[in-house]
Amino acid sequence: MSKTPSTAALLHVALQDLHAGKLLLRDRLPALAQAVTDAELVRLIEADVSRAGDQAERLGAVAADLAGPKNIWMGGILDDAERDARSHQPGPVLDIALIGAIRKAKAAEIVSNDTAIALARNGGQEAILGAVNANREEEIAVDRALRDRLDALTA
């Protein structure tokens, strides 16, 4: 395995990682939505599935060759969420646990987007900067909506 030699190469690795994470969300969130009983939370998750696919396409439109290694942090977060779906009683307890799990994914995405944004800005990659920043802003909005749903379910 070769070592990443430059910030431009690191940006490409970051984009591959973000893209792989989006594909995992798109593919694995639907099963989690099936375990949820709160209709508004189901709606939020289903919208995030669609958004993840759109965001993966957005990244693919500004960067070539995004096929890369598995995204191990997103895979781990989703593995934990699936474990929650199997080990918690369906209903409010599970819904609250899944909000926490999905918010962990959002937090990881936001931080990873921050890194890619800094690298794109440093390298003058305006198209990449715009795409990644748009994804980041959407993730912040989703996290806020999930936090609001958590507050509603625990009030």
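Residues numbered from 1 in each chain as written. Predicted model: local features only at pLDDT ≥ 70, side-chain atom pairs only at ≥ 80, totals over all residues. Heavy atoms only, no water.

Caption draft 1: Region of interest: helix H2 (residues 39–62). With 24 residues, H2 extends 35 Å from end C-alpha to end C-alpha; this agrees with the ideal 34 Å at 1.5 Å per step. If you follow the buried residues of H2, they end up packed against helix H1 (7–35), helix H4 (92–122) and helix H5 (126–153). (Helix = DSSP H or I, 4+ residues; strand = E, 2+ residues; numbered from the N terminus. Expected span 1.5 Å × (residues − 1). Contact = heavy atoms within 4.5 Å.)

Caption draft 2: How the structure looks around the nonpolar core. Formed by 23 residues in total, the largest nonpolar core has its most connected members in Leu25, Leu29, Ile45 and Leu146. Only H1, H2, helix H3 (72–87), H4 and H5 provide two or more residues apiece to this core. Residues in contact with Leu29, not counting those within four places in the same chain, are Leu24, Ile45, Asp48, Val49, Leu78 and Ile102. In this structure, Leu11, Leu15, Ile128 and Leu129 belong to the second largest nonpolar core, which totals 14 residues. (Core = buried A, V, L, I, M, F, W, Y, C linked by side-chain atoms within 4.5 Å. Buried < 20%, exposed > 50% of the residue type's maximum accessible area, 1.4 Å probe, protein only.)

Caption draft 3: Spotlight on the side chain of Gln55. Tracing the backbone shows Gln55 in helix H2. A polar atom in the side chain of Gln55 sits 3.1 Å from the side chain of Glu139. (Polar contact = N/O pair within 3.5 Å; in protein donor to acceptor, adjacent residues only side chain to side chain.)

Caption draft 4: Structural view of unusual backbone geometry. Look at Asp65: it is not a glycine, yet its phi comes out positive at around 55°. Mapped onto the fold, Asp65 is located in the loop between H2 and H3. Asp65 sits in the exposed class, given a relative accessible area of 57%.

Caption draft 5: Just the packing of H1 against H5, in detail. Following both chains from N to C, one finds H1 and H5 inclined at 40°, their axes separated by 13 Å at the closest point. By the angle between their directions, the pair H1 and H5 is classed as oblique. Crossing angle aside, the handedness with which H1 passes H5 is left-handed. Here Leu11, Leu15, Leu18 and Lys22 of H1 lie close against H5, whose contacting residues are Ile128, Val132 and Glu139. (Axes fitted to C-alpha atoms, helices over the stretch in contact; angles between N-to-C directions. Parallel < 35°, antiparallel > 145°, perpendicular 65-115°, else oblique. Left-handed = near helix turned anticlockwise from the far one by under 90°.)

Caption draft 6: The arrangement of the environment of Lys70 in detail. Take Lys70: it is sitting in the loop between H2 and H3. The exposed category is assigned to Lys70, whose relative accessible area is 72%. Once the C-alpha coordinates of Lys70 and His19 are considered, the two residues, 51 residues apart in sequence, prove to be 9.8 Å apart.

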